[in-house]
Structure formats: structure tokens, C-alpha cells
Amino acid sequence: MLIAVDHGNKQIKTVNCAPFTSGLRESATRPLGDMVIYYGGKYYSLMDERIPYRRDKTEDERFFILTLFAVARELERSGDYSPDVVLPVQLAVGLPPAHYGAQYERFERYFTGRGAVSFTFNGKPFSILITDALCFPQAYAAACTQMQQLWDEPRAVVVDIGGFTADYLQVKFGEAQLSACDSLENGVIHLYNRILSKVNAEFDLRLEESDIDAILERKGGFDPILADLVERQAAAFVGDLFGTLRERGIDLRTGLTIFTGGGAILLRRFIENTGKVGRSLFVTDINANARGFEQLYQSTAQGV
């Protein structure tokens, strides 16, 4: 079975299941809750606090174990789960464009060559064999899900705002310009850190990242002065991102800009209020990169 997994620094996404935070807790005894894996003699459960940023996700086993959560959920949803069979799995995964060339082979090897992997998920036994793993660039993958919108566009830019990076890709008449594809360290984790530092300095308060999300989504009853600080920081963050893109020769006032990723969804009203974007399309499917990985894997397998 082909399973596409988008290993975000903020969230793990697959094609068919809801995203979950890239956070993991290890314990020697079984923790409370339903989302629990037992693997290699230890218990692992998901948590809301994400793993600190890792440029190289192969440094330890945590992203592999997060992948087991993603695979188990997809197998259950598809109906392909069987407790008595070693299930063959092909993985389609991705990396930011700036990291892709140096890391894609290592990231592919990270998942393969392990033989049959046995674990339990919510008390149910699983055994999988990862027979293949192919890695693709983010942003390019998201663009693949929007090609119907891009065939007649003389110039378009895909901007994928994720956890740690904001990836961009220029597209001309549906053809990706990989020479104009890169990653900027302008993901929403940087915004969170900026806001947390500012709030701590000015209010002597400790916010959670989920609090910042709630303020930006205009949820909850936060102090108006605090909320105003958060919103001003978000507006400045978006302005800085667009300024960096302009320095790279990417002017969003001409052509079509397609915004994807959880960061773009979160910051949509700030993006639209800048006056620095011409025609725009927001992809509200947070799983767009995972869908693109799946499409690219299938095309590669078919020799297209």
C-alpha cells in the first residue's frame, strides 16, 4: 500500500487522516489515552508540544516512530489492516527544497532496510515491511495538486508556509521552474518564538503556541492589548516574508500566487491585507503536500 507522509516540523500529515502534532513522549509503562504505540520495548504517545526543530530528521528514531503512527492510522482507515500478515508499504515523503538535494537519499534510507517492523497501535498488533521510500521536494509537491489552475498561467508562484520553512516555487504554463524553487527560514515556528519572547518581555506571561493560534484565529477571550501585540507581530512577520521573497526576485503583485500549508491558512487575513499580493488562491487542504507526494510517487512508478 502506498502511504504519503508529510513530516512537518509542526504537524504530521497524510492524505486521508487528520494532522497531528509532531510531538512524541516516550515511557517505560503504558500511558493513558488511545494514541499509543508500543515499539522496541517502549511506549510512545503523541503530545501537543512539538519536537524541537530538526534540520536532519534522521538524527534519531522519533520521526520514524511518528511515521508508524501515520502508517497505522492510514492502514486502519483504508481497511487494509490485518493482524496476521506482514503488510508491504511504500512511502512517499518530502523535504524542503533547500534541504532536498543534500538529504533526500539519507531520508529515503532512513525508512528502508529495516526488515519487518512489528509494533502495536492502541493495543492492536501491526507488522509492516517498508519496501520502498521516495522523497520529493515540498512546494513542488503542493503545486502538483493545483496543475489544473496553472496550465494557462504564464507565471505563477506557489508559496508553502510550513512550520520552520516557507518554500516557494515558480511555475510557467504548468511547468515547474526548479531553478526558482527554494526554502526560506520563515515558517510559523519563527513567528511563535518572536511572539513568545515579546510577550514574556512586555507582559511577563508565558503563552503556548496554541494560544497564539487561537488569537490569530480570533478565538477565545484574550486581553485585547495582548491580542493586538500578537496581531502586530504576525503582520510584521508576513511583511518580512514578502520582503525576503522580493529580494529573491519574486514579486507577488504580478501573476497568480498559490498559498499552501498550515502557516498560510493561519495567516491568510494578514496576507490578504498587505496589499502586496495580486491574484491569489489559498489551498485550504492542509494535506496538499502529502497528496502531491502521492501523485509524484505514482507518476515515478509509471515512468511518467
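Structure: see above.
Let me begin by describing the structure that accompanies this report. What you see is a predicted model, and the numbers here were worked out from it, not measured in a lab.

Parameters and conventions
Residues numbered from 1 in each chain as written. Predicted model: local features only at pLDDT ≥ 70, side-chain atom pairs only at ≥ 80, totals over all residues. Heavy atoms only, no water. Helix = DSSP H or I, 4+ residues; strand = E, 2+ residues; numbered from the N terminus. Buried < 20%, exposed > 50% of the residue type's maximum accessible area, 1.4 Å probe, protein only. Salt bridge = Lys/Arg side-chain N within 4 Å of Asp/Glu carboxyl O. Pairing = 2+ DSSP bridges.

With that settled, consider unusual backbone geometry. In most cases, non-glycine residues show a negative phi, while peptide bonds are predominantly trans. Although it is not a glycine, Asn-122 sits at a positive phi angle of roughly 55 degrees. Tracing the backbone through its elements, the reader meets Asn-122 in the loop between strand 8 (116-121) and strand 9 (124-137). For Asn-122, a relative accessible area of 30% corresponds to the partly exposed category. With a phi angle near 55 degrees, Asp-204 is a residue other than glycine that sits in the positive phi range. Checked against the element boundaries, Asp-204 lands in the loop between helix 5 (188-203) and helix 6 (209-216).

Another point: the pattern of salt bridges. Inspection of the entire model under this criterion finds 20 salt bridges. The shortest N-O distance in the salt bridge between Asp-182 and Arg-248 comes to 2.9 Å. Taken together, the positions of Asp-182 in strand 12 (residues 175-184) and Arg-248 in the loop between helix 7 (224-247) and strand 13 (256-260) put the pair 66 residues apart, joining distant regions of the chain. By relative accessible area, which is 21% here, Asp-182 ends up partly exposed.

This paragraph deals with the pairing of strand 10 (residues 156-161). Regular strands show a simple pattern: their side chains alternate between the two faces of the sheet. Counting buried positions along strand 10 yields 6 of 6 residues, so the element is predominantly enclosed. Side chains of strand 10 alternate between two faces, with Ala-156, Val-158 and Asp-160 and Val-157, Val-159 and Ile-161 buried alike. In terms of strand pairing, strand 10 meets strand 11 (residues 166-172) through 6 bridges, oriented antiparallel. Within strand 11, the position partnered with Val-157 by the bridge is Gln-170. Here strand 10 folds back onto strand 11 in antiparallel fashion, the turn holding 4 residues. In terms of strand pairing, strand 10 meets strand 13 through 5 bridges, oriented parallel. By the bridge assignment, Val-157 is partnered in strand 13 with Thr-257.

Along the chain, Gly-221 turns up in the loop between helix 6 and helix 7. You can call Gly-221 exposed: its relative accessible area is 84%. For Gly-221 and Asp-48, which are 173 residues apart along the polypeptide, the C-alpha to C-alpha distance reads 21 Å.

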